[in-house]
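Examination of the molecular architecture
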Amino acid sequence: RSSFAARRWRLPSATYVRTREERSTTKRTCTDRDLHRQVDGERARLTGGYGRVWTWKQVCTRAELAGKKFVRPRVQRVAQGTRRCVREDGLHRTRRVAARAQGLSGDPTKFSVDERDGDLGDLKPYTPLLDTVNYPIHIKNFSIDQLKQLAREIRADVIQSVSKTGGHLGSSLGVVELTVALHHIFNTPEDRIIWDVGHQAYPHKILTGRRNRMSTIRQSHGLSGFTKRTESEYDPFGAGHSSTSISAGLGMAVGRDFKNKNNKVIAVIGDGAITGGMAYEALNNAGFLDKNMIIILNDNNQVSLPTQYNGKNQDPVGAMSGMLSRLQSNRPLRELREIAKGVSKQFPQPIQELTAKVDEYARGMISGSGSTLFEELGMYYIGTVDGHNLNDLVSILREVKNTESVGPVLIHISTEKGRGYHPAENASDKMHGVVKYDVKTGKQIKAQAKVASYTQFFAEGLIAEAEADDRVIGIHAAMGGGTGMNIFEKRFPERTFDVGIAEQHAVTFAAGLATEGLKPWCAIYSTFLQRGYDQVVHDCALQKLPVRFAMDRAGLVGADGATHCGAFDVAYMGCIPNMYMCAPSDEAELLHMIATMNQIDDAPSCIRFPRGNGVGVDLAEAGVGPNKKGSVLDIGKGRILRGGEDVALVAYGSIVQYALAAADILAANGISATVADMRWCKPLDTNLINHMAKEHPVMITVEEGSIGGFGAHVMQYMAMNGMMDGNLKFRPMILPDRFIDHGAQKEQLEWAGLSPSHIASTALATLGRERDSLAVLEPHLMGSA
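About the thresholds
- Residues numbered from 1 in each chain as written.
- Predicted model: local features only at pLDDT ≥ 70, side-chain atom pairs only at ≥ 80, totals over all residues.
- Heavy atoms only, no water.
- Helix = DSSP H or I, 4+ residues; strand = E, 2+ residues; numbered from the N terminus.
- Expected span 1.5 Å × (residues − 1).
- Contact = heavy atoms within 4.5 Å.
- Axes fitted to C-alpha atoms, helices over the stretch in contact; angles between N-to-C directions.
- Parallel < 35°, antiparallel > 145°, perpendicular 65-115°, else oblique.
- Nonpolar A, V, L, I, M, F, W, Y, C, P; charged D, E, K, R; others polar.
- Pairing = 2+ DSSP bridges.
- Buried < 20%, exposed > 50% of the residue type's maximum accessible area, 1.4 Å probe, protein only.
- Phe/Tyr/Trp six-rings, centres within 6.5 Å; stacked < 30°, edge-to-face > 60°.
- Lys NZ or Arg CZ within 6 Å of the ring centre and 35° of its normal.
- Core = buried A, V, L, I, M, F, W, Y, C linked by side-chain atoms within 4.5 Å.
- Right-handed = clockwise from strand over helix to strand, strands pointing away.
- Salt bridge = Lys/Arg side-chain N within 4 Å of Asp/Glu carboxyl O.
- Polar contact = N/O pair within 3.5 Å; in protein donor to acceptor, adjacent residues only side chain to side chain.
- Patch = residues over 30% accessible without salt bridge, like charges linked within 9 Å, V, L, I, M, F, W, Y side chains within 5 Å.
- Areas by Shrake-Rupley, 256 points an atom, 1.4 Å probe, with all protein chains shown as cover.
- Lys, Arg positive; Asp, Glu negative; His and termini not counted.
- Charge placed at Lys NZ, Arg CZ, Asp CG, Glu CD.
- Arc of directions from axis to C-beta.

It is worth spelling out helix H5 (residues 144-165) at this point. Counted at 1.5 Å a residue, the expected span for H5 with its 22 residues is 32 Å, and the 31 Å between its end C-alpha atoms agrees. Phi turns positive, to about 80°, at Gly 166, one or two residues after H5.

Below, the structure is given as structure tokens:
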């Protein structure tokens, strides 16, 4: 009891002991003193001596829930492993379940699906130690063995929770030990831990007070799938796009020094994110500024997301994956280097250069080859460290934290994506991004869509063009799966280029191909093309080079939320001279536009299309040929899909389908609406605009994009031609001037005010029918209430 009191004092918020009433109940239930001691000892072992302790009543209740008769416990000591409570043949005992079915060879860092609490039904895995942890402070006094048990329980918890919600699984499983070690050694949130991209931060969220909300991740009003400053003080920097952590961390380190503080700054970046040019810029500046910060390079040989696909075992993209060296963490040497650096600065310049070379070669002899690049950039390099060995991680992080030295330190750790979950380890994509799945098999529960995705149609349409034209080239920036380029590569491997997470390079690389008469297609998410904007303007549009940009995930993107929302492409591409711009209303239009853009050879062009599936049009009836070969459209010409007299709904892109649905609502209210599918933003179909403005008293433009987009182009033309000087009532409907959080795409469009009911309500209000306008919206208002 004295030792328990001490432990309880260290963790007052998570630990309790039996009350007097519980003790008396225990004595009445179990009069055998030896048995009483045995149970108390068992409770302590189950929690590692910390945290919640089961009362005898709770133990019996848990046994009754399992439908087992509880008899005298039998205690079994198990060496080097996590202990679990199981009920077998009426016995309450501890054992470590062998990882037999999954071939894990009893690795304590790995979680076997056989270790779930199957006897208790569909409940969470048994996590006695994790149940005592709410925040990082609760693990400060844990021993290495307890940290290992904690890591194992976190891994089981991540596997279970993501199976119910979907999300980024493989990346999170790969950094469990690193996350535990970081929060054990550093004093967060005072010490800043910045996770690059943030999709690997699920274990971090579990340890920082958000475990009870993991079931809401990536869902409406739930946790973000990435780090987010407004979500927790333990998220010092929001993420979603890659290669930003070192720059942000360096800024925090400089800010810390300005305020005369001494907290630590740690940036965790993957071997994929570090291929981005911004990461190298930050490394270069960090070495120059010589500020104290720690950079952890998480090397899992997955430079692309994922590296392996199409049933092959591709090598990681880029030369960074080959930079390995042996572990070197020597505190006396580091401190000696600091002293030497100070002394050498008093010597003449030639001697300073000589001492620097001596130091460089000495480091080479100690740490081997591979650290040269980082050393040249001014980093103190330590690596490679086993990222799943908690003994090494804790020792090295503690050493780095406590060493009095100046300048950035880079710790190179090697991890395995999908670590500890057999289906993820064996999957070609390491189960990087998943939907709901069966925990036992890893089989994802994908709804069988009647119509393929827009991404699938894009890939098949581009293949059709490439089969007819050997100049077609496909380019993507480490997003082959998301952009459909993996499908294209399967057919044309020699004509597909994955440039890594380097959108700027991708755009100018495509421009270089265009100068040689080839037809490059640069497939990049709308949100990621923002990172290559200067190259679009300077290297493509200014020189009128016919690079073709396929901007997938245009508009609202559902569970990925604001970080991946493609809201701005119409605005930022539309203001560039020499740019053709189009957007399909359905999958047949997408295929036609691919064929049309492939014929444009005098300037760059771009097409935007949404996340999600097509609408199910008859492709043959729509003029699509065999093998998804589209027909060439008239550039700059739209079409009327539905005629009317009272209001003109002028839509651009996939939101056309909502405009058609709004026209049905208006028809039910006695309003006749014309629906136009504009197809092109640049060049704009001015004849169609003239017709809409002259023949209707109300004109509404509808687009799934930000201010400054398609509606702005229409208004500019109409204003300059005096078409808004008369009685025409014009209303542009766009995304609101705010970021929209993650949720279902349909919900997001409701929040944005772009649902069919909102479009119809806007038309009714503009026509002066306010009561009907509110009546149309009433179900939505009631739902939001």
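So that's the structure; there's more coming.
Turning next to the environment of Val 180. The residue Val 180 is located in helix H7 (residues 176-185) in this model. Sequence separation between Val 180 and Leu 207 is 27 residues, and the spatial gap between their C-alpha atoms is 8.1 Å. In contact with Val 180, other than residues within four places in its own chain, are Ile 139, Leu 147, Leu 150, Ala 151, Ile 154, Leu 207 and Leu 390.

Glancing now at the packing of helix H19 (residues 503-515) against helix H21 (residues 533-541). Where H19 meets H21, the closest approach of the two axes is 9 Å, and the angle between their N-to-C directions is 10°. Here H19 lies roughly parallel to H21, going by the angle between them. Across from Gln 504, Val 507, Thr 508 and Ala 511 in H19, the residues of H21 making contact are Gln 535, Val 536, Asp 539 and Cys 540. Residue composition of the contact of H19 with H21, grouped by class: 4 nonpolar, 3 polar and 1 charged.

Read from one edge of the open sheet, 7 strands run S11-S10-S12-S13-S15-S14-S19, paired in mixed fashion. Single-partner strands in this sheet number two, and they are strand S11 (496-498) and strand S19 (680-682). Taking the axes of each pair of neighbouring strands and ignoring which way they run, one obtains an average angle of 20° across the sheet. Looking at chain direction, strand S13 (residues 548-551) and strand S15 (residues 605-608) are connected through 4 bridges and run parallel. What sits directly across from Phe 549, in S15, is Cys 606.

Right, let's talk about the side chain of Asp 560 for a bit. Note that Asp 560 resides in the loop between S13 and helix H22 (569-574). A residue is classified by how much of its surface remains accessible, and Asp 560, at 15% relative accessible area, is buried. Excluding residues that lie within four positions of it along the chain, Asp 560 makes contacts with His 168, Arg 218, Phe 226 and Arg 611.

Okay, the packing of aromatic side chains next. On inspection of all chains with the given rule, the structure shows 11 aromatic pairs. Both rings, one in Phe 497 and one in Phe 509, keep their centres 5.4 Å apart while their planes meet at 70°; by these two values the pair is edge-to-face. On the criterion of sequence distance, the pair formed by Phe 497 in strand S11 and Phe 509 in helix H19 is long-range, its members being 12 residues apart. The exposure class of Phe 497 is partly exposed, given its relative accessible area of 31%. The class for Phe 509 is partly exposed, based on a relative accessible area of 25%. The ring of Phe 492 has Arg 495 lying over it, and the distance from NZ or CZ to the ring centre is 4.2 Å.

All right, on to the sheet that holds strand S6 (residues 293-299) then. An order of S4-S5-S6-S8-S7 is seen for the 5 strands of this open sheet, with the pairing classed as parallel. Looking at strand neighbours, the two that pair on one side only are strand S4 (192-195) and strand S7 (380-386), the edges of this open sheet. Going from strand to strand, the sheet's axes swing by 20° on average, the running direction of each strand aside. Judged from the 6 bridges that link them, S7 and strand S8 (residues 408-414) form a sheet pairing that is parallel. Within S8, the position partnered with Ile 382 by the bridge is Ile 411. Along the sheet face, H7 touches S4, strand S5 (265-270), S6 and S8 and points at about 160° away from the line of S4. Sheet strands touched by helix H10 (residues 277-289): S5, S6 and S8. Its angle to S8, the strand with the most contacts, is close to 140°.

The subject of this paragraph is the nonpolar core. With 54 residues, the main nonpolar core has Leu 150, Leu 182, Ile 296 and Ile 411 as its most contacted residues. Per element, the largest residue contribution to this core is 7 residues, and it comes from H5. Grouped together as the second largest cluster of nonpolar side chains are 50 residues, Met 581, Ala 693, Phe 710 and Leu 728 included.

The subject of this paragraph is the environment of Ala 651. The residue Ala 651 is located in strand S17 (residues 647-652) in this model. Residue Ala 651 is classed as buried on the basis of its relative accessible area, which comes to 0%. For the pair formed by Ala 651 and Glu 703, sequence separation is 52 residues and the distance between their alpha carbons is 6.0 Å. Look past the residues within four positions of Ala 651 in its chain and what remains in contact with it is Val 656, Ala 659, Ala 676, Asp 677, Met 678 and Val 702.

This part is about the pairing of S15. Judged by which residues are buried, S15 turns out to be covered on both faces: Ser 605 and Ile 607 on one side and Cys 606 and Arg 608 on the other are all buried. As judged from the 3 bridges shared by strand S14 (residues 580-582) and S15, these two strands associate in the parallel manner. Across the sheet, the residue bridging to Met 581 is Cys 606, located in S15. The β-α-β motif built from S14, the intervening helix H23 (residues 587-597) and the parallel element S15 has right-handed crossover chirality.

Evaluated as defined, the whole model comprises 26 salt bridges. Linking Lys 228 and Asp 741 is a salt bridge whose minimum nitrogen-to-oxygen distance equals 3.0 Å. In this pair, Lys 228 sits in the loop between helix H8 (202-210) and helix H9 (245-258) while Asp 741 sits in the loop between strand S21 (729-733) and helix H27 (745-752), placing the two residues 513 residues apart along the sequence. By relative accessible area, which is 38% here, Asp 741 ends up partly exposed. The shortest N-O distance in the salt bridge between Glu 465 and Lys 629 comes to 3.1 Å. With a gap of 164 residues between them, Glu 465 in helix H16 (residues 454-468) and Lys 629 in the loop between S15 and strand S16 (639-642) connect regions that are remote in the sequence. In this structure Glu 465 comes out as buried when scored by relative accessible area, which is 3%.

Relative to each other, H5 and H8 sit at 110°, their axes nearing to 10 Å. As summarised for this structure, H5 and H8 are arranged roughly perpendicular, according to the angle between their axes. On H8, the residues touching Leu 150, Ile 154, Asp 157, Val 158 and Val 162 of H5 are Tyr 202, Pro 203, Ile 206 and Leu 207. Of the residues belonging to the contact of H5 with H8, the class tally is 8 nonpolar, no polar and 1 charged.

Next up on the list: the side chain of Glu 465. At 3.1 Å, the side chain of Glu 465 forms a polar contact with the side chain of Lys 629. Here Glu 465 is in contact with Val 472, Ile 594, Ala 595, Asn 598, Lys 629 and Gly 630, once residues within four sequence places are set aside.

Time to look at a positive patch on the surface. The grouping of Arg 192, Arg 229, Lys 259 and Lys 261 at the surface amounts to a positive patch. Among the structural elements, Arg 192 can be located in strand S4. Residue classification places Arg 192 among the partly exposed positions, given a relative accessible area of 30%.

All right, on to H21 then. Every buried residue belonging to H21 is among Gln 535, Val 536, Asp 539, Cys 540 and Ala 541, and all of these are buried. Buried residues in H21, looked at end-on, bunch into an arc of 155°, giving them a common side. Each element contacted by the buried residues of H21 is listed here: H19, helix H20 (526-529), S13 and H22.

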